[in-house]
Amino acid sequence: MTNNADASTNTSANTNTNPTVNLVTGATGTVGRQIVLELLGRGHSVRALTRDPAKADFPDGVEVVRGDLADPASLVPALEGVTGLHLITFDGGLFAPLETGPEIVELAAKAGVRRITVLNGGGATPLQDAVMAGGIPWTVLMPVEFMANAMEWARGIRADDAVREPFVGRLSAMVHEGDIGAVGAVALSEDGHGGKSYLITGPEALTIQDKADALAEARGRKIEVVELTEAQAVEQWRAAGQPEEVIGFLLEVYGNTPPEGRTPIGTVAEVTGRPARTFAQWAAENADAFRP
């Protein structure tokens, strides 16, 4: 579900004359990896924090360091010389809201961190609250549905050329994960973004049929959309091992998508200077994952 962003195509990034040093936590996640790659492509020094450096698999030029947000003391060496810090709000192992925000912010201030970005966890969280109250200029990244979520369809499409989902008419302004990374990289490395919460969307509102058609075009083979009832969808998600709280969330967000999740806005272009990428572009980049 992680794919390289087009960071290297940003010519202004490659002429950066004032590079920053950035620590990206959650670096092996869908968004964290994209922030790492975008910063690297823009000529900035990047440290990728992970609990298991041996499995990080980053390109040359990325400094991989060991650490755990649930253990703030483990961050001290990684924060040395850092100007920009990207944070996630949940524990990477248990996905429980992190309660260590005050300690992390204090350590960041002592290290001289000048900017913090936070990947919003779907609402207020203890860590995000601590960052916003901590005195260091902060930016909250609030992406809607990731285009990478379509990878959940890959097995079914490879097996029998079909997507099986409820609420097939719902609209989503889903966003390319690389664009989330680009917005985050700019906010980490440039002034002018402190105190802002950025809702990040793609350029289009798409139905499931629209997405299936784009994937079919990219892979060169038709895809059928099969609409499930809510009960069938719950059964499918349970069989896939989804926790009950996640199933409840999916029913709510898919069955009653809020306006911000289905209304494209221009944050990506405004922050990065280039248009947001379309789902057709994402499908072309990932077509092989959907071929038999």
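Residues numbered from 1 in each chain as written. Predicted model: local features only at pLDDT ≥ 70, side-chain atom pairs only at ≥ 80, totals over all residues. Heavy atoms only, no water.

Glancing now at the overall build of the protein. If you tally the helices and strands in the protein, you get 11 helices and 9 strands. The C-alpha atoms of the protein give a radius of gyration of 19 Å, which matches the 19 Å a tight globule of 292 residues would have. Based on the C-alpha atoms only, the size of the protein along its principal axes is roughly 55 × 40 × 35 Å. Considering the protein as a whole, with its 292 residues, one finds that 49% of them fall into the buried category. Restricting the contact set of the protein to residue pairs at least 6 apart, pairs at least 24 apart contribute 74%. When the accessible surface of the protein is totalled, it reaches about 13200 Å², and 51% of it is carbon and sulfur. The distance from the centre of the 23 positive side-chain charges to the centre of the 38 negative ones in the protein is 4 Å. (Helix = DSSP H or I, 4+ residues; strand = E, 2+ residues; numbered from the N terminus. Rg over C-alpha atoms; globule rule 2.2 N^0.38 Å. Buried < 20%, exposed > 50% of the residue type's maximum accessible area, 1.4 Å probe, protein only. Contact = heavy atoms within 4.5 Å. Areas by Shrake-Rupley, 256 points an atom, 1.4 Å probe, with all protein chains shown as cover. Lys, Arg positive; Asp, Glu negative; His and termini not counted. Charge placed at Lys NZ, Arg CZ, Asp CG, Glu CD.)

Attention now goes to unusual backbone geometry. It is generally the case that most residues other than glycine have a negative phi and that most peptide bonds are trans. For Asp161, which is not glycine, the phi dihedral falls at a positive 55°. In this structure, Asp161 sits in the loop between helix H4 (154–160) and strand E7 (162–165). Here Phe167, not a glycine, exhibits a phi torsion of approximately 50°, which is positive. Relative to the helices and strands, Phe167 is located in the loop between E7 and helix H5 (177–189).

Among the nonpolar cores identified, the biggest contains 48 residues, and Val36, Trp153, Ile200, Leu215, Phe279, Trp282 and Phe290 are the most heavily contacted of them. Going through the elements one at a time, helix H1 (30–41), strand E2 (45–50), H4, H5, strand E8 (196–200), helix H6 (208–219), helix H10 (267–272) and helix H11 (279–285) are the ones with two or more residues in this core. Among residues more than four places away in sequence, those in contact with Phe279 are Met147, Ala150, Met174, Glu204, Leu206, Lys211, Ala214 and Leu215. Listed in part, the 22 residues of the second largest apolar core include Val65, Leu69, Val82 and Val131. (Core = buried A, V, L, I, M, F, W, Y, C linked by side-chain atoms within 4.5 Å.)

For the rest of this paragraph, the subject is the packing of H1 against H5. Two packed helices can be described by the angle between their axes and the distance between those axes. Two elements in contact, H1 and H5, have axes whose closest approach is 7 Å; the angle formed by their N-to-C orientations is 60°. In terms of axis orientation, H1 runs oblique to H5. Between H1 and H5 lies a crossing whose hand is right-handed. Seen from H1, the contacting residues are Thr30, Val31, Gln34, Ile35, Glu38 and Leu39; seen from H5, they are Glu177, Gly178, Ile180, Gly181, Ala182, Gly184, Ala185, Leu188 and Ser189. Considered class by class, the residues forming the contact of H1 with H5 number 7 nonpolar, 6 polar and 2 charged. (Axes fitted to C-alpha atoms, helices over the stretch in contact; angles between N-to-C directions. Parallel < 35°, antiparallel > 145°, perpendicular 65-115°, else oblique. Left-handed = near helix turned anticlockwise from the far one by under 90°. Nonpolar A, V, L, I, M, F, W, Y, C, P; charged D, E, K, R; others polar.)

Per the counting criterion, the structure on display carries 3 aromatic pairs. Ring centres of Trp282 and Phe290 lie 6.1 Å apart, and the angle between their planes is 65°; on these two criteria the pair is classed as edge-to-face. Taken individually, Trp282 and Phe290 each receive the classification buried, so the pair is uniform in this respect. Put simply, the rings of Phe279, Trp282 and Phe290 touch in pairs and so form one group of aromatic residues. (Phe/Tyr/Trp six-rings, centres within 6.5 Å; stacked < 30°, edge-to-face > 60°.)

Bringing empty space enclosed by the protein into the picture now. Scanning the model with the defined rule gives 1 cavity of 30 Å³ or more in all. Estimates place the volume of the largest cavity at around 80 Å³. Around the largest cavity sit Glu145, Asn149, Ala150, Glu152, Trp153, Glu165, Arg170, Met174, Ile208, Lys211 and Tyr254, which together line it. (1 Å grid on protein atoms, 1.4 Å probe; cavity = no way out; pocket = protein on both sides within 12 Å on 5 of 7 lines; lining within 4 Å. Points joined across faces, edges and corners; volume = space filled by probe spheres on them.)

This brings us to the sheet that holds strand E1 (residues 21–24). Spatially, 7 strands are ordered E3-E2-E1-E4-E5-E6-E8 in an open sheet, and the strand pairing comes out parallel. In this open sheet, the two strands that pair with only one neighbour each are strand E3 (62–66) and E8. Across the sheet, the axes of successive neighbouring strands diverge by a mean angle of 20°, strand direction being ignored. Helix-sheet contacts for H1 involve E1, E2, E3, strand E4 (84–87), strand E5 (115–119) and strand E6 (138–143), and the interaxial angle to E1 is about 165°. In the packing of H5 onto the sheet, contacts are made with E1, E4, E5, E6 and E8, and the angle to E5 comes to roughly 155°. (Pairing = 2+ DSSP bridges.)

Note that Ala187 resides in helix H5. Taking the C-alpha atoms as reference points, Ala187 and Asn256, 69 residues apart in sequence, are found 31 Å from one another. Setting aside chain neighbours within four positions, we find Ala187 in contact with Arg115, Thr117, Thr139 and His193.

What follows is about the environment of Ser189. Considering the arrangement of structural elements, one finds Ser189 in helix H5. Ser189 gets classed as buried once you look at its relative accessible area, which sits at 9%. For the pair Ser189 and Ala240, spaced 51 residues apart in the sequence, the C-alpha separation amounts to 39 Å. Ignoring sequence-local partners within four residues, the contact set of Ser189 consists of Thr20, Leu39, His44 and Arg115.

Here the idea is simple: oppositely charged side chains can pair when their charged atoms come close. For the structure on display, the rule yields 14 salt bridges. Between Arg170 and Glu145 there is a salt bridge, and its shortest N-O distance comes to 3.4 Å. Highlighted residues: Arg170 in the loop between E7 and H5 and Glu145 in the loop between E6 and H4, separated in sequence by 25 residues. Pair check on accessibility: Arg170 and Glu145 agree, each one buried. Through salt bridges with shared partners, one network takes in Glu38, Arg42 and Glu190. (Salt bridge = Lys/Arg side-chain N within 4 Å of Asp/Glu carboxyl O.)

Detailed reading of the predicted coordinates is not advisable wherever pLDDT falls low. When the pLDDT values of the protein are averaged, the result is 92; 93% of them are 70 or greater. Long-range and interchain partners of residues 1–15, a stretch whose pLDDT sits below 50, account for 34 contacts in this model, where long-range means more than four residues apart. (pLDDT = per-residue confidence, 0-100.)

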